[in-house]
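Letter by letter, the chains look like this.
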Amino acid sequence: MKVVFDKIASTTKNAKISRESQLSPEVPAEDGIVVAVRVIGTKSVYNAVEDLHGRMTPLNDGDIMAAVLGSRRALRGYAGVVPDRVRVGDKLDILNLGGIVGKCTAGNPELGPPLKAEVLGVVLSFPYLGERTGVPATIKTNAVPWSDTLAPSAPIVYVAGSCMQAGKTSACCEIIRVLSRRGRRVAAAKLTGVSLLRDTLGMTDRGAAYSLSFTDAGMASTSEAVAVKVSKGLINALNKEKPDCLVVELGDGIMGEYGVQAILQDAELMAAGTAHVLCATDPVAAWGCAELYRTRFKLPVHVISGPATDNAVGKDFVEKQIGVPALNARLDPEALGAAVENLLWPAAEAVLKEEALGASLRACQVLPAALGDQIGDYAALAAAGPE
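Residues numbered from 1 in each chain as written. Predicted model: local features only at pLDDT ≥ 70, side-chain atom pairs only at ≥ 80, totals over all residues. Heavy atoms only, no water.

Novice: Describe the overall build of the protein chain, and please don't skip the residues or the numbers.
Specialist: Summing up its helical and strand segments, the protein chain has 10 helices and 19 strands in all. The C-alpha atoms of the protein chain give 22 Å as radius of gyration, which agrees with the globular expectation for 387 residues (21 Å, within 12%). With respect to the principal axes defined by its C-alpha atoms, the protein chain has extents near 70 × 60 × 35 Å. Residues counted as buried form 51% of the 387 residues belonging to the protein chain. At a minimum sequence separation of 6, the contacts of the protein chain that also span at least 24 residues come to 72%. As displayed, the protein chain has an accessible area near 18,200 Å², and 53% of this comes from carbon and sulfur atoms. The protein chain carries 39 positive and 42 negative side-chain charges, and their two centres are separated by 2 Å. (Helix = DSSP H or I, 4+ residues; strand = E, 2+ residues; numbered from the N terminus. Rg over C-alpha atoms; globule rule 2.2 N^0.38 Å. Buried < 20%, exposed > 50% of the residue type's maximum accessible area, 1.4 Å probe, protein only. Contact = heavy atoms within 4.5 Å. Areas by Shrake-Rupley, 256 points an atom, 1.4 Å probe, with all protein chains shown as cover. Lys, Arg positive; Asp, Glu negative; His and termini not counted. Charge placed at Lys NZ, Arg CZ, Asp CG, Glu CD.)

See below:
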């Protein structure tokens, strides 16, 4: 059976799905399998899907969409799992804006019931030239390899939060913007959560030279079982691009079910961390997360950001009661970026002392780039040289 897709969800990107695709009725009930579904009905909220370019497009009754079987465990969204069996004609739930479908196990009163979608079949991939027999398409194709070990890494800035919508992505983006404008080559990643291109695209838009997410590693969403290996694989891949530092977001909350705790408890990953930025929704969340860092994870919190720092009341509480600088990504992005840069400097200084001649190092100063957004233009001219 052949279909022409009206929508191709962003989560399918590794599988490189064509607008016209062949289907099979034999659907493997596995995480990451790409399926064709027909949207049933409409909604006034949570009624869109992110496409391969990161653009949100509305879902209409009858739309044929390339989606991905997957799970989700969200506090402020839908929770769901891959059913034990998937057959043509089954009605699945659209679990997130990235086009993940499965069986909804918990709803959200603000979003109402999820949109339904009828399974039309599994999308077939034809990986071998000349072969007429297809195989089920999966987002594990072309995936960044996972790793049991972390290779030597540039300094890592970890940005975690109390829960969803705590300001983590905003903090990452502003830190990246400030560092890149000061001449730093920044790589970025989202290590945990549920698939959506929007966050890593935002990091790239703010100046990240390279960005990856767990979806690039073949996962529709993460869990404690896979988060550490996926994270090490992504960080290893980004370090091959020789960044000055990495800014990584730990999606969802530190007490959620996407594997953030496993990352914070991994000795290798934490040894590469130079700065820990914590985003919290309110002062109580800020205090509780800081206590968890201190008592459970044995980690410092260097900066607190997020809605807890939206005004002077929250900032005063954080700084006086918790004893950590409160720097808001929206209201004081320059200060947030500068604070992180100061935390990165000892790691850079250690490399300079190791690599540079003593006399040369004593004669030089390291200063922020004064060229701003034009630094790339000047670098290109310098590389081109005279005609």
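Back to the text.
Novice: Could you give me a rundown of the environment of Leu92, with the residues and numbers involved?
Specialist: The residue Leu92 is located in strand 10 (residues 91-94) in this model. Residue classification places Leu92 among the buried positions, given a relative accessible area of 4%. What Leu92 contacts, discounting residues up to four positions off in sequence, is Leu69, Pro83, Val101, Gly102, Leu115, Lys116, Ala117 and Val119.

Novice: Outline the nonpolar core, listing residues and values.
Specialist: Counting 48 residues, the largest nonpolar core has Ile254, Leu264 and Tyr293 as its most contacted members. Among the secondary structure elements, those contributing two or more residues to this core are strand 14 (156-161), strand 15 (186-192), helix 3 (227-239), strand 17 (245-250), helix 4 (260-264), helix 5 (267-271), helix 6 (283-297) and helix 7 (312-322). Each residue touching Leu264, except ones within four places of it in the same chain, is listed here: Leu250, Ile254, Met270, Tyr293, Phe297 and Leu299. (Core = buried A, V, L, I, M, F, W, Y, C linked by side-chain atoms within 4.5 Å.)

Novice: Outline the side chain of Arg177, listing residues and values.
Specialist: The topology assignment puts Arg177 in helix 1 (residues 168-181). According to the relative accessible area criterion, Arg177 is buried, its value standing at 16%. Among the polar contacts listed, one links the side chain of Arg177 to the side chain of Glu174, at a separation of 2.8 Å. Contacts of Arg177, omitting those with residues within four sequence positions, involve Arg206, Pro333 and Glu334. (Polar contact = N/O pair within 3.5 Å; in protein donor to acceptor, adjacent residues only side chain to side chain.)

Novice: Quick rundown of the sheet that holds strand 15? Include the residues and the values.
Specialist: Within a sheet, adjacent strands bond to each other through the backbone by hydrogen bonds, running parallel or antiparallel. Here we have 6 strands laid out as an open sheet, ordered 16-15-17-14-18-19, and parallel in their pairing. Lying at the two open borders of the sheet, with one neighbouring strand each, are strand 16 (210-213) and strand 19 (303-305). Along the sheet, successive strands turn relative to each other by an average axial angle of 20 degrees, direction set aside. Judged from the 4 bridges that link them, strand 15 and strand 16 form a sheet pairing that is parallel. Within strand 16, the residue paired with Ala188 across the bridge is Ser211. This element, helix 3, spans strand 14, strand 15, strand 16 and strand 17 of the sheet and lies at about 165 degrees to strand 15. The strands touched by helix 6 within the sheet are strand 14, strand 18 (273-279) and strand 19, with strand 18 carrying the most contacts at an inclination of about 150 degrees. (Pairing = 2+ DSSP bridges. Axes fitted to C-alpha atoms, helices over the stretch in contact; angles between N-to-C directions.)

Novice: Which residues make up helix 7, and what values go with them?
Specialist: Among the residues of helix 7, Gly314, Val318 and Ile322 are the ones counted as buried. Projected onto a plane normal to the axis of helix 7, the buried residues spread over an arc of 35 degrees and lie on a single side. Residues of helix 7 that are exposed and angled more than 90 degrees away from the buried face: Val313 and Lys320. Residues of helix 7 that are buried sit in contact with helix 6 and strand 19. Between the side-chain oxygen of the N-cap and the backbone nitrogen of Val313 there are 3.1 Å, and the N-cap of helix 7 in question is Asn311. Where helix 7 ends, the next residue or the one after it, Gly323, has phi of about 80 degrees, a positive value. (Arc of directions from axis to C-beta.)

Novice: An account of the pattern of salt bridges is requested, with residue identities and associated values reported.
Specialist: Close approach of charged atoms allows side chains of opposite charge to pair. With the rule as written, the count across this model stands at 17 salt bridges. Residues Asp216 and Lys13 are paired through a salt bridge, measuring 2.8 Å at the closest nitrogen-oxygen approach. With Asp216 in the loop between strand 16 and helix 3 and Lys13 in the loop between strand 2 (7-8) and strand 3 (20-24), this pair connects stretches of sequence that are 203 residues apart. Residue Asp216 is classed as buried on the basis of its relative accessible area, which comes to 11%. Exposure remark for Lys13: the relative accessible area of 27% places this residue in the partly exposed category. Measuring nitrogen to oxygen at the nearest pair gives 2.9 Å for the salt bridge that ties Arg73 to Glu257. One end of the pair, Arg73, is in strand 8 (residues 72-73); the other, Glu257, is in the loop between strand 17 and helix 4, and 184 residues separate them in sequence. A residue is classified by how much of its surface remains accessible, and Glu257, at 47% relative accessible area, is partly exposed. (Salt bridge = Lys/Arg side-chain N within 4 Å of Asp/Glu carboxyl O.)

Novice: For the packing of helix 1 against helix 8 (residues 333-355), give the residues involved together with the corresponding values.
Specialist: Running from amino to carboxyl end, helix 1 crosses helix 8 at an angle of 70 degrees, the nearest separation of the two axes being 8 Å. Put simply, helix 1 runs roughly perpendicular to helix 8. Of the residues in helix 8, those in contact with Ala171, Glu174, Ile175, Arg177, Val178 and Leu179 of helix 1 are Pro333, Glu334, Leu336, Gly337, Ala338, Val340, Glu341 and Leu344. For the contact of helix 1 with helix 8, the class distribution of residues is 9 nonpolar, 1 polar and 4 charged. (Parallel < 35°, antiparallel > 145°, perpendicular 65-115°, else oblique. Nonpolar A, V, L, I, M, F, W, Y, C, P; charged D, E, K, R; others polar.)

Novice: Break down the packing of helix 6 against helix 7 for me, citing the residues and quoting the values.
Specialist: Helix-helix packing is characterised by the crossing angle of the two axes and by the distance between the axes. Between helix 6 and helix 7, whose axes approach to 10 Å, the crossing angle comes to 30 degrees. The angle between helix 6 and helix 7 places the two elements in the roughly parallel class. Crossing angle aside, the handedness with which helix 6 passes helix 7 is right-handed. Contacts from Pro283, Ala286, Trp287 and Ala290 in helix 6 reach Phe317, Val318 and Ile322 in helix 7. Looking at the contact of helix 6 with helix 7, its residues break down into 7 nonpolar, no polar and no charged. (Left-handed = near helix turned anticlockwise from the far one by under 90°.)

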